[in-house]
Amino acid sequence: MKIKTNQEKKVKRLFTPGPVQIPEIIQVALNKPLINHQTVEFSQLLMETEELLKDIFQTKNDIIMVPSSGTGAMEACITNFFSPGDEVIVLDMGEFSARWGLIAQMFGLEVHWLNAPVGIALDPAQLIKMLKSKPNVKGVLFVAAETSTGVQNPVKLLAELTKKHSNALVLVDAISTLAISELKTDDWGLDVVIASSQKGLMLPPGLSFLSVSHRAWVIALKTKMSRYYFDLIRLRESLKRGEVPYTFPSNLVLGCNVSCKFILEYTYKNWLTKYRHMTEIVHGFGQTLGLERLVKVGYSQGITVFKVPYKTTASKIKDMLEKEHDIIISTGIGMLKENVIRVAYIGDLTYIDLNHLFYSLSLVLKKLK
Ligand SMILES: *Cc1c(COP(=O)(O)O)cnc(C)c1O
């Protein structure tokens, strides 16, 4: 017999904030023969998928797909909704939120930084103060959840304050939030929301999504910035006809179609509730093992960041979990690299998987003590 068990095949479980464990029904769709992107079949798939995504984004706005990882969608925001010299406010609370500002500066925008201490959400009073002192601000850019620390921003409140004190566009990187915790694009008045295939939508990396409000489109028509591949206006014109302006990862669109249906059939509300329960369970397990969470209040769902205990390092814990238990977690990024471990439980993972993870983690921690 040549058939191997998962154990022998060394099948690994992903507890990482992207890529994530892909449900079998989506994997089957991804493995289907490729569809050419210039066919009626693809055209119909594209349009249907956009409609499904609207339900996930909770919006009536256009959804634009771009063939890139999430960072490409961030860059598209900068080049489509702003002109060189425009002033923007960036809420910097870690690696991913800072990325907004770095891209903006690269394209000649004037960035006003608002910094929050590591592991703590920004004090909204700071935003009000900044909006009042910078009347020309054209955009406020922030993350819904900062994936490097596990902080969840009060997105609704930040958007409300921005609208109340300025005419600036609200741009939200919801890459680690969409289909993981609550995000209401229209109800909360979010102009641009971005997401990416390899997180909450449980797909391979390579496709990103932007929801764009009418107000943002009006501005995009007037901005002066060079752009070609990420020209959202050209993309919108094509997508409206069910076409794409260049080769598209059609299998990812197919996977996305199935993913949306899978989540919506489960019902979106129950889907998010599942992640909330898992978050509580992970917190409980962490406590049992004596692991301290980096974020005490205002934490994200689907990803939990723990401080590394004793004198060991995040890399040692990560490597041993992989070598001895076939479990993949993440270390910190940037300054936090060796000081925290990041455990994500997004995608096709069950409560049993969480048990397995924490049992393995307890063995690893005992060895490293
Ligand atoms: C993962 C992530 C990104 C980066 O996306 P890529 O797909 O790696 O380019 C950006 N922002 C947040 C909040 C993320 O979690």
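Residues numbered from 1 in each chain as written. Predicted model: local features only at pLDDT ≥ 70, side-chain atom pairs only at ≥ 80, totals over all residues. Heavy atoms only, no water.

K.L.:
Quick one: what's the story with the overall build of the protein chain, residue by residue and with numbers?
P.N.:
Counting its regular elements, the protein chain contains 13 helices and 14 strands. By the compact-globule yardstick of 21 Å for 369 residues, the protein chain fits well, its C-alpha radius of gyration being 21 Å. By its C-alpha atoms, the protein chain is 60 × 50 × 35 Å across when sized along the principal axes. Restricting to contacts in the protein chain with at least 6 residues of sequence separation, those with at least 24 account for 72%. Split by element, the accessible area of the protein chain, about 16,400 Å² in all, is 55% carbon and sulfur. Placing the 43 positive and 35 negative side-chain charges of the protein chain at their respective mean positions leaves the two points 4 Å apart. (Helix = DSSP H or I, 4+ residues; strand = E, 2+ residues; numbered from the N terminus. Rg over C-alpha atoms; globule rule 2.2 N^0.38 Å. Contact = heavy atoms within 4.5 Å. Areas by Shrake-Rupley, 256 points an atom, 1.4 Å probe, with all protein chains shown as cover. Lys, Arg positive; Asp, Glu negative; His and termini not counted. Charge placed at Lys NZ, Arg CZ, Asp CG, Glu CD.)

K.L.:
Provide a residue-level description of the layout of surface pockets, including the pertinent values.
P.N.:
The computed volume of the largest pocket comes to approximately 240 Å³. Taken together, 14 residues line the largest pocket, and the ones lying closest to its centre are Met93, Gly94, Glu95, Val118 and Met335. Class assignment of the residues belonging to the lining of the largest pocket gives a composition of seven nonpolar, five polar and two charged. Residues lining the lining of the largest pocket come from more than one domain, with at least three contributed by each of domain 1 (13–21 + 267–368) and domain 2 (25–264). (1 Å grid on protein atoms, 1.4 Å probe; cavity = no way out; pocket = protein on both sides within 12 Å on 5 of 7 lines; lining within 4 Å. Points joined across faces, edges and corners; volume = space filled by probe spheres on them. Nonpolar A, V, L, I, M, F, W, Y, C, P; charged D, E, K, R; others polar. Domains from an automatic or database assignment.)

K.L.:
I'd like to hear about the environment of Ile120, residue by residue, with values.
P.N.:
Position of Ile120 relative to the elements: it lies in the loop between strand 4 (110–115) and helix 6 (124–133). It is 7.7 Å that separates the C-alpha atoms of Ile120 and Met93, two residues lying 27 residues apart in sequence. Sequence-distant contacts of Ile120, that is, excluding residues within four places in its chain, are made with Met93 and Val151.

K.L.:
Outline the packing of helix 10 (residues 250–266) against helix 11 (residues 268–288), listing residues and values.
P.N.:
Between helix 10 and helix 11, the shortest axis-to-axis distance is 5 Å and the interhelical angle comes to 90°. Taken together, the axis directions place helix 10 and helix 11 in an arrangement best described as roughly perpendicular. When helix 10 is examined against helix 11, the residues Phe262, Ile263, Leu264 and Tyr266 are found in contact with a partner set consisting of Tyr268, Asn270, Trp271 and Lys274. Broken down by class, the residue content of the contact of helix 10 with helix 11 amounts to six nonpolar, one polar and one charged. (Axes fitted to C-alpha atoms, helices over the stretch in contact; angles between N-to-C directions. Parallel < 35°, antiparallel > 145°, perpendicular 65-115°, else oblique.)

K.L.:
Got a sec to walk through the site of the ligand? Specific residues and values, please.
P.N.:
Taken together, the neighbourhood of the ligand is formed by 13 residues, with Ser69, Thr71, Thr147, Asp173 and Lys199 sitting nearest. Thr71 has a polar side-chain atom sitting 2.5 Å from an oxygen atom of the ligand. At 2.5 Å, a side-chain N or O of Thr147 approaches an oxygen atom of the ligand. For the ligand, whose unbound accessible area comes to 380 Å², protein coverage reaches 90%. Secondary structure elements with two or more residues in the shell around the ligand: helix 4 (70–81) and helix 5 (95–106). The residue makeup of the shell around the ligand, split by class, is three nonpolar, seven polar and three charged. (Near = heavy atom within 4 Å. Polar contact = N/O pair within 3.5 Å; in protein donor to acceptor, adjacent residues only side chain to side chain.)

K.L.:
Kindly report on the domain arrangement of the protein chain, identifying the contributing residues and their values.
P.N.:
What the domain assignment reports for the protein chain is domain 1 (13–21 + 267–368) and domain 2 (25–264). Taking only C-alpha atoms, the centre of domain 1 and the centre of domain 2 are 26 Å apart. Taken together, the contact pairs 26 residues of domain 1 with 25 residues of domain 2. Between domain 1 and domain 2, roughly 2,100 Å² of surface is buried when both sides are summed, and carbon and sulfur atoms account for 66% of that area. For domain 1, the biggest contributors to the area lost against domain 2 are Tyr268, Trp271 and Ile333; these three give 29% of the whole. At the boundary of domain 1 and domain 2, one finds zero salt bridges. Scanning the region where domain 1 abuts domain 2 turns up 10 residue pairs in polar contact (both at pLDDT 80 or more). Secondary-structure elements contributing two or more residues to the side of domain 1 that touches domain 2 are helix 11 and strand 11 (303–307). (Buried area = accessible area lost by both parts, 1.4 Å probe. Salt bridge = Lys/Arg side-chain N within 4 Å of Asp/Glu carboxyl O.)

K.L.:
How would you explain the pairing of strand 4 if you had to name every residue and give the values?
P.N.:
Judged from the six bridges that link them, strand 3 (residues 87–92) and strand 4 form a sheet pairing that is parallel. Residue Ile89 lies in a different strand from strand 4, and its bridge partner there is His112. Remark: the strand 3/helix 5/strand 4 crossover connection has right-handed handedness. (Pairing = 2+ DSSP bridges. Right-handed = clockwise from strand over helix to strand, strands pointing away.)

K.L.:
Outline the side chain of Ser362, supporting the account with residue identities and numerical values.
P.N.:
Structurally, Ser362 can be placed in helix 13 (residues 351–368). Residue Ser362 is classed as buried on the basis of its relative accessible area of 18%. From its side chain, Ser362 meets the backbone oxygen of Tyr359 in a polar contact 2.6 Å long. (Buried < 20%, exposed > 50% of the residue type's maximum accessible area, 1.4 Å probe, protein only.)

K.L.:
Summarise the sheet that holds strand 4; cite the residues concerned and give the values.
P.N.:
Ordered in space as 2-10-9-8-5-3-4, the seven strands form an open sheet in which the pairing is mixed. Each end of this open sheet is capped by a strand with a single partner; those strands are strand 2 (62–66) and strand 4. Neighbour-to-neighbour, the strand axes of this sheet turn through a mean angle of 20°, independent of strand direction. Bridge count between strand 8 (residues 169–173) and strand 9 (residues 192–196): three bridges; the pairing is parallel. Considered in strand 9, the bridge of Leu171 is made with Val192. Against the sheet, helix 9 (residues 232–240) makes contact with strand 2 and strand 10 (208–212), and its axis sits at roughly 105° relative to strand 2, the strand it touches most.

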